[in-house]
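# Observations on the three-dimensional arrangement
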Amino acid sequence: MRWQGQRQSDNVEDQRDGGSPSGGGGFGLPIGGRGIGVGTIVIALVASYVLGVNPLTVLSLLSGGGTVQTQAPSRPAPSQGQQAAGRDDPQKAFVATVLADTEDVWREQFRQAGREYEDPRLVLFRGATQTACGRGESTMGPFYCPADHKVYIDLDFYDTLRDRLGAPGDFAQAYVIAHEVGHHVQNLLGTSAKLDQLRGRVSEAQYNAMSVRLELQADCFAGVWAHHAERSRQILEQGDIDEALNAASQIGDDTLQKKSQGHVVPESFTHGSSAQRVRWFKRGFESGDTAQCNTFTKQPV
């Protein structure tokens, strides 16, 4: 991916040196009420199937059923030299560059639709951090909090993506950011709030099915970003799209369930199958048209 030398966003908050901005007690990320609901955490099932968190606990959290008690991994406090290096490290530069690129694309998309895009902020943290949605944990994977319009990422997740999920490459990492920004777009459009209103009014299976549609739309929006970023700035190198498609495939619900438990339970899907995630990213990338991302009226199979 050609990203060096491009504009970097000012909307990156680096909390890694100072840890969580407000410690507090051990409580989870209660998505119910103000939150998006099931599907806001892009790699939630990674926590269940790869990182050792009970999947029933994660699903309860995401459906507004309470909070998760987790123990963030302890890390030694960084030295002054490490803090200085952390302010100018390549990973942070990469994240800030990708975020800036999503800002450019979505500002223009909203402008064309007669609306104004509100930039999200992206928070880098280690272990755990306090958010407007509650306490966020690294074990949840990257996530978006609609209450504060922020994307949260512990960059150690990229090691998991590469080493444990089999999805290496910088464009795979960019896809993760673009997917979370896709949730921000949904929040601005009111799509996620409509889904949240269904909580408790439909069965768990029905709600999970709607959650899948929300996630697949975020994948499609990530593809729309890639389409326009390439068209405007020629960011793609050979193999980049394959990296994104591989990442989408590796984090499909069916693939994660097969790896963890040896069988697939479709009614428990909250993010979509590997084939679905690949298909909707490709739809967004090939069309560059957000109108093609209406997973709520099209069959997401």
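Per chain, residue numbering runs from 1 following the sequence as it is written. Side-chain atom pairs in this predicted model are given and counted only at pLDDT of 80 or more, local residue features only at pLDDT of at least 70, and totals for whole chains, interfaces and linings cover all residues. Values shown for side chains rest on all heavy atoms present in the structure; no hydrogens or waters enter the calculation.

### Topic: the overall build of the protein
Counting its regular elements, the protein contains 11 helices and six strands. A simple rule labels every residue: compare its accessible area, found with a 1.4 Å probe on the protein chains alone, to the largest value its type can have, and call it buried under 20%, exposed over 50%, or partly exposed in between. Taken over 301 residues, the protein has a buried fraction of 55%. Contact between two residues is taken to exist if any of their heavy atoms lie within 4.5 Å; hydrogens are not considered. Sequence-distant contacts, at least 24 apart, represent 76% of the contacts inside the protein between residues at least 6 apart. We get accessible surface area from the Shrake-Rupley algorithm with a probe of 1.4 Å; when it comes to residues, only the shown protein chains can shield them. As presented, the protein carries roughly 12,500 Å² of accessible surface, and 47% of it is formed by carbon and sulfur atoms. Here a strand is any run of E in DSSP of at least two residues, a helix any run of H or I of at least four, and the numbering for each starts at the N terminus.

### A word on the sheet that holds strand β2 (residues 121-124)
When DSSP finds at least two bridges between two strands, those strands are taken to pair. Pairing in this open sheet of four strands is mixed, and the strands run β1-β2-β6-β5 from one edge to the other. One side of each edge strand has no neighbouring strand; the edge strands of this open sheet are β1 (12-14) and β5 (143-145). Neighbour-to-neighbour, the strand axes of the sheet open up by a mean angle of 25 degrees, direction not taken into account. Relative to strand β6 (residues 150-153), β2 runs parallel, the two sharing four bridges. For Val123, the partnering residue across the bridge sits in β6 and is Tyr152. Structural elements are reduced to axes, namely lines fitted to C-alpha atoms, with helices fitted over the stretch in contact, and the angle between N-to-C directions of any two is expressed from 0 to 180 degrees. This element, helix α6 (residues 170-189), spans β2, β5 and β6 of the sheet and lies at about 25 degrees to β5.

### Concerning the nonpolar core
Met1, Trp106, Tyr158, Phe171, Trp225 and Phe281 are the most contacted members of the largest nonpolar core, which totals 54 residues. Breaking this core down by element, the ones donating at least two residues are α4 (90-112), β2, β6, α5 (156-163), α6, α8 (204-233), α9 (240-250) and α11 (274-287). Per-element tally for this core: the top contributor is α6, with 10 residues. With sequence-adjacent residues up to four places away left out, Tyr158 is seen in contact with Gln91, Val95, Ile153, Gln173, Val176 and Ile177. The term nonpolar core refers to a set of buried residues drawn from Ala, Val, Leu, Ile, Met, Phe, Trp, Tyr and Cys, joined through side-chain atoms within 4.5 Å. In terms of nonpolar packing, the next biggest core, distinct from the first, is built from six residues, Val123, Phe143, Cys145 and Tyr152 among them.

### As for the state of the cysteines
Any two cysteine sulfur atoms within 2.5 Å of one another count as a disulfide. In the structure shown here, the tally under the stated rule is two disulfides. One disulfide bridge connects Cys133 with Cys145, the sulfur atoms lying 2.1 Å from each other. Taking the sign of the S-S torsion, 95 degrees for the link of Cys133 and Cys145, the bridge is right-handed. Residue Cys133 is found in the loop between β3 (128-131) and β4 (134-137), and its partner Cys145 is found in strand β5; the two are separated by 12 residues along the sequence. Here the protein pairs its bonded cysteines, counted in sequence order, in the arrangement 1-2, 3-4.

### Observations concerning the pattern of salt bridges
Salt bridges are defined as contacts in which a side-chain nitrogen from Lys or Arg sits within 4 Å of a carboxyl oxygen from Asp or Glu. Overall, the coordinates contain 15 salt bridges when judged by the stated rule. The residue Arg7 makes a salt bridge to Asp104 at a minimum N-O spacing of 2.9 Å. Highlighted residues: Arg7 in the segment before β1 and Asp104 in helix α4, separated in sequence by 97 residues. Residue classification places Asp104 among the partly exposed positions, given a relative accessible area of 28%. Among the salt bridges present, the one from Asp159 reaches Arg162, with a minimum N-O distance of 3.2 Å. On the criterion of helical spacing, the pair formed by Asp159 and Arg162 is a turn pair, its members being three residues apart in helix α5.

### Some thoughts on the pairing of β2
Note that β1 and β2 share three bridges and pair parallel. Paired with Glu13 across the bridge in β2 is Val123.

### Some remarks on the confidence of the model for the protein
Looking at the protein, pLDDT values average 74 and 68% of them are 70 or higher. As a per-residue measure, pLDDT tells how confident the predictor is, with possible values from 0 to 100. Taken element by element, the protein is modelled with least confidence in helix α2 (residues 55-62), mean pLDDT 36, and with most confidence in β2, mean pLDDT 96. For residues 19-87, every residue scores under 50 in pLDDT, and the model assigns this stretch 169 contacts once sequence neighbours within four places are set aside.

### Things to note about the pairing of β3
Burial of the side chains of β3 extends over both faces: Ala128 and Gln130 are buried on one face and Thr129 and Thr131 on the other. Examined bridge by bridge, β3 and β4 share four bridges and lie antiparallel to one another. By the bridge assignment for β4, Gln130 is matched with Arg135. Hairpin connection of β3 to β4: two residues between the antiparallel strands.

### A short note on the packing of aromatic side chains
Each aromatic ring pair is characterised by the separation of its centres together with the angle its planes make. For Phe, Tyr and Trp, where Trp contributes only its six-membered ring, two rings pair if their centres lie within 6.5 Å, and the inter-plane angle classes them as stacked under 30 degrees, edge-to-face over 60, or tilted in between. On inspection of all chains with the given rule, the structure shows 10 aromatic pairs. Relative to Tyr152, the ring of Phe143 has its centre 5.0 Å away and its plane inclined at 15 degrees; by these criteria the two rings are stacked. The exposure class of Tyr152 is buried, given its relative accessible area of 2%. Centre to centre, the rings of Tyr175 and Phe281 are 5.7 Å apart; their planes meet at 90 degrees, and the pair counts as edge-to-face. Taken as a pair, Tyr175 in helix α6 and Phe281 in helix α11 lie far apart in primary sequence, 106 residues in all. Grouping aromatic residues by their ring pairs yields a cluster made of Phe125, Phe143 and Tyr152.

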